[in-house]
Amino acid sequence: MRSSFSEIMTMRPIMGVKSVNKGDWLKKYSNVIIFAILFLFNSIFTKNFLSIDSIWNLITQSTTAILIAISMTVVMFVDCIDISVGSTMALSAVIFTHVLQTNGNPLLAVLLSALACVLCGLFCGYMVGRFKIQPMIASLAMMYIVRGIARVLTNGKILFITDTNITSLSYYRVFGVIPIQFFILLILSVAIYILMNNTRFGVRAAACGDSAVAARAAGIRTELVISLCFIITALFACLAGIIECIMVACVNPSMLGLNFEGTAIAATVMGGGVIAGRKFNVIGAIFGALVLQLITIMFNMWNIDFAYSTVVKAIIIIFAVYFQNIKQK
Amino acid sequence: MLRNGFDHISMYFKKNSALVGLALLIIVGTIVNPTYFLTVNNLSNVLRQSVLVGLLACGMMFVILCDSIDLTLSAVYAFSAYITLRLVEYSLFWAVVVPLVLGAMVGLINGIIITKLNIMAWVGTLAMSMALRGLLLVVTTGVPYVPPVPLPPILDFIAKETLFGVFPVSAVFLVLIYFAVAYVLKKVRLGRNIYAVGGNKEAASMMGINTASTKIKAHMIACSLAALSGILLTARVGSAYPDAGTGYEMYAVAAVAIGGTYLTGGRGTAVGTFIGAMIMALVTNIFNMQKALDLSFERIVIGLLLLAVVLSQAVSAKKVK
């Protein structure tokens, strides 16, 4: 019982304690600051960058990344990680497209793909919550299983969405200006923020994240809470998959969402999702995803090879995490 | 304790579950394809295919034993394959030495990121693998690199030839490396330290073990082995492409877990990992030979296998407590 004892001893008092440190503010919003600096830099030095369209473009292009980043903060709240999100996206997109082709009812398609994703999340969450399998390993296995299922369902073929009513949805702009994705993101991030910060479920999840053993001793059904967090993540991945496949009007089961978990983890980690005393930081995650997308756009607009942007992103991740570590001490 | 014969048998099975799995797989393979599976030709093919997973799993075992993980291994493999091919037209010596040194350096950086900068292992190495793949895309400009001169016969010999028509030369290398690794883990101070650090970090540092340097060394060994796999196998394809080996970390982790190494660190053997790698190669081989299931099922099966093994580890760990 060594581990459980030391876990209780080192438990941080996070519930009900507001941040007292002034450095916390800087830490929490470091991504916003990086984003602001990058944005300013681009507005001045990059040609044609500063137009209202490019800002909306930035948001529409990074919608899926932001969604996954938000969902990743939820599992990180219970001190877990889910790297199967990319595969879950592929599965949901495949089911959505398939039902759309055969049945034609978009609502049914959304429901069925959501159901499949809930099952994936439940399975992974139960493995982690009940059997204490490391989340990294459980979701690594799930990543391959779910991707395999997506490929088996389509026989490895690429599916197309032919219904133009649906594909035009991703270009729909509310009031003719604001892309619909913006509202989806706004509503969902506010909802998740409230869920994790202002509800009983959020408090319980925080307790589980801090020490599952202590939470269990306090009468919290940890496996239930952890499973629910994984289900929420899977549902977000489901939505991201559907949005992605509507945007490109086709699904390639082997490619859709591939390596997405890397981007999402990078965004979340940069947002201080893991290292900050409080593990939940939606704003940080959102701006983390935006920063990564901005770097990609910047490299594109400057006509530099896309490959360099991966290197730059990697360096940024390592330094972001390192500096948050320093501030932590 | 052990009351009757059945308990003895079940105890034996539990201890050698990987070996039992291997035997079961051979039976399954024989049933699936009775005419071809047990031929010398096929089995030597299996051995040859097991080299990549085997070497990556060997490296992965080092880092997992000291409670860390390294997601850069497949990127290091691809990178070292490229460098070997790139340098082979100038000098064979440098074509072998440079990738190994670079691999060790990547391991050093990984280790420093994890131990000195206090960044979680999977975050740091994920970022490093992104960086390496990016660099590889930059230097190859995204197209497979083919060396302008024919490969030196020694590389061809290692990658393609077999000893006595049975044992592929690269597999002989693999077995020799596993012998060396088993010796290091059992008899050398570094190996003992790795077990101690993975088993209980605080206790290890109280005993006077430098946990940071042990972890760094484990990462250096892992990345050097990955680089070695690039050198050994590059001649088989004859070209280096930037996506080579993507996703092979999962195969390596699966092989390590199936071989009975606890993914929480501190417990596991080289022999087990070797058997795990063989199991992975056999699964691939059997999948390639049958016609009933689509190839996409292979990853499902391996994922389920990994889950099952980890689940059984978790359950048995609970019983020990």
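As the structure is a computational prediction, the values presented were derived from the model and not from experiment.

Reading the values: the criteria
Residues numbered from 1 in each chain as written. Chains lettered and ligands numbered in written order. Predicted model: local features only at pLDDT ≥ 70, side-chain atom pairs only at ≥ 80, totals over all residues. Heavy atoms only, no water. Helix = DSSP H or I, 4+ residues; strand = E, 2+ residues; numbered from the N terminus. Buried < 20%, exposed > 50% of the residue type's maximum accessible area, 1.4 Å probe, protein only. Contact = heavy atoms within 4.5 Å. Areas by Shrake-Rupley, 256 points an atom, 1.4 Å probe, with all protein chains shown as cover. pLDDT = per-residue confidence, 0-100. Expected span 1.5 Å × (residues − 1). Polar contact = N/O pair within 3.5 Å; in protein donor to acceptor, adjacent residues only side chain to side chain. Buried area = accessible area lost by both parts, 1.4 Å probe. Nonpolar A, V, L, I, M, F, W, Y, C, P; charged D, E, K, R; others polar. Core = buried A, V, L, I, M, F, W, Y, C linked by side-chain atoms within 4.5 Å. Phe/Tyr/Trp six-rings, centres within 6.5 Å; stacked < 30°, edge-to-face > 60°. Lys NZ or Arg CZ within 6 Å of the ring centre and 35° of its normal. Axes fitted to C-alpha atoms, helices over the stretch in contact; angles between N-to-C directions. Parallel < 35°, antiparallel > 145°, perpendicular 65-115°, else oblique. Left-handed = near helix turned anticlockwise from the far one by under 90°.

S.K.: Just give me the short version of the overall build of chain A, but keep the residues and values in it.
M.R.: For chain A, the count of helices and strands is 16 helices and four strands. Burial status across chain A gives 54% buried among its 329 residues. The contacts of chain A with a sequence gap of at least 6 include a subset with a gap of at least 24, amounting to 78%. Roughly 14,900 Å² of accessible area belongs to chain A as shown, and the carbon and sulfur atoms make up 68% of that amount.

S.K.: Before we move on, could you go through the environment of Ser-239 of chain B and cite the residues and values that matter?
M.R.: Within the secondary structure, Ser-239 of chain B is located in the loop between α11 (211-237) and α12 (248-258). Leaving out residues up to four positions away in the same chain, Ser-239 of chain B has contacts with Leu-85, Pro-144, Tyr-145, Val-146 and Thr-234 of chain B.

S.K.: Hey, could you go over the confidence of the model for chain B for me, with residue numbers and the actual values?
M.R.: Mean pLDDT over chain B works out to 83, with 93% of the residues at or above the 70 mark. The complex model carries a pTM of 0.81, and its ipTM stands at 0.75.

S.K.: Residues and numbers for helix α13 (residues 270-289) of chain B, please.
M.R.: Residue and element names in this part refer to chain B. Counted at 1.5 Å a residue, the expected span for α13 with its 20 residues is 28 Å, and the 29 Å between its end C-alpha atoms agrees. With 16 of its 20 residues buried, α13 lies for the most part within the structure. Capping the start of α13 is the job of one residue whose side-chain oxygen sits 3.2 Å from the backbone nitrogen of Gly-272: Thr-269.

S.K.: How would you sum up the interface of chain A and chain B? Please name residues and give values.
M.R.: With 39 residues of chain A at the interface, the matching set in chain B holds 39 residues. Across the chain A to chain B interface the summed buried area is about 3,600 Å²; carbon plus sulfur atoms make up 80%. Where chain A touches chain B, the interface holds zero residue pairs in polar contact (both at pLDDT 80 or more). When residues of the side of chain A that touches chain B are traced back to their parent elements, those giving at least two are α1 (2-9), α7 (106-131), α8 (135-154), α14 (260-270) and α16 (306-328) of chain A. Residue contributions to the side of chain A that touches chain B peak at twelve residues, all from α8 of chain A. In terms of residue class, the side of chain A that touches chain B is built from 28 nonpolar, six polar and five charged.

S.K.: Tell me about the environment of Arg-147 of chain A, residues and numbers included.
M.R.: Residues and elements named next belong to chain A. Its location among the elements puts Arg-147 in helix α8. The spatial distance from the C-alpha of Arg-147 to the C-alpha of Ile-318 is 29 Å, given a sequence separation of 171 residues. Those residues in contact with Arg-147, other than ones at most four positions away along the chain, are Gly-86, Ser-87, Ala-90, Met-142, Pro-253, Ser-254, Met-255, Leu-256, Gly-257 and Leu-258.

S.K.: Run through the nonpolar core, naming residues and quoting values.
M.R.: Side chains of a nonpolar character, in soluble globular proteins, are inclined to be buried together. Residues Met-60 and Trp-122 of chain B are the most contacted members of the largest nonpolar core, which totals 211 residues. With residues up to four places along the chain from it excluded, the contact list for Trp-122 of chain B reads Met-76, Ile-81, Met-136 and Ile-265 of chain A together with Ile-69 and Leu-71 of chain B.

S.K.: How would you explain the confidence of the model for chain A if you had to name every residue and give the values?
M.R.: Of all residues in chain A, 86% have pLDDT values of 70 or greater, and the mean over the chain is 79. Of all the helices and strands in chain A, α1 of chain A carries the lowest mean pLDDT, 42, while helix α13 (residues 222-248) of chain A carries the highest, 91.

S.K.: Run through the packing of aromatic side chains, naming residues and quoting values.
M.R.: Overall, the coordinates contain nine aromatic pairs over all chains when judged by the stated rule. Summarising the aromatic geometry, the rings of Tyr-126 of chain A and Phe-131 of chain A are spaced 6.1 Å apart at their centres and angled 85° between planes, so their arrangement reads as edge-to-face. Exposure remark for Tyr-126 of chain A: the relative accessible area of 39% places this residue in the partly exposed category. The interplanar angle of 65° and the centroid separation of 5.1 Å between the aromatic rings of Tyr-178 of chain B and Phe-274 of chain B together place this pair among those described as edge-to-face. One end of the pair, Tyr-178 of chain B, is in helix α8 (residues 169-187); the other, Phe-274 of chain B, is in helix α13, and 96 residues separate them in sequence. Each member of the aromatic cluster is reached from another via a ring pair, and the members are Phe-35, Phe-39 and Phe-287 of chain A. Arg-130 of chain A extends its terminal NZ or CZ atom over the ring of Phe-131 of chain A, reaching a point 5.3 Å from the ring centre. For Arg-267 of chain B, the ring lying beneath its charged end belongs to Tyr-262 of chain B, and the centroid distance is 4.0 Å.

S.K.: Tell me about the packing of helix α5 (residues 63-77) of chain A against α14 of chain A, and name the residues and values.
M.R.: Residue and element names in this part refer to chain A. At a closest axis distance of 8 Å, the pairing of α5 and α14 adopts a crossing angle of 65°. In terms of their interaxial angle, α5 and α14 are classed as roughly perpendicular. As for the relative orientation of α5 and α14, their crossing is right-handed in sense. Each of Thr-64, Ala-65, Ile-68, Ala-69, Met-72, Thr-73 and Met-76 in α5 lies in contact with α14, whose residues at this interface are Phe-260, Glu-261, Ala-264, Ile-265, Ala-267, Thr-268 and Val-269. Residue classes in the contact of α5 with α14 are distributed as ten nonpolar, three polar and one charged.

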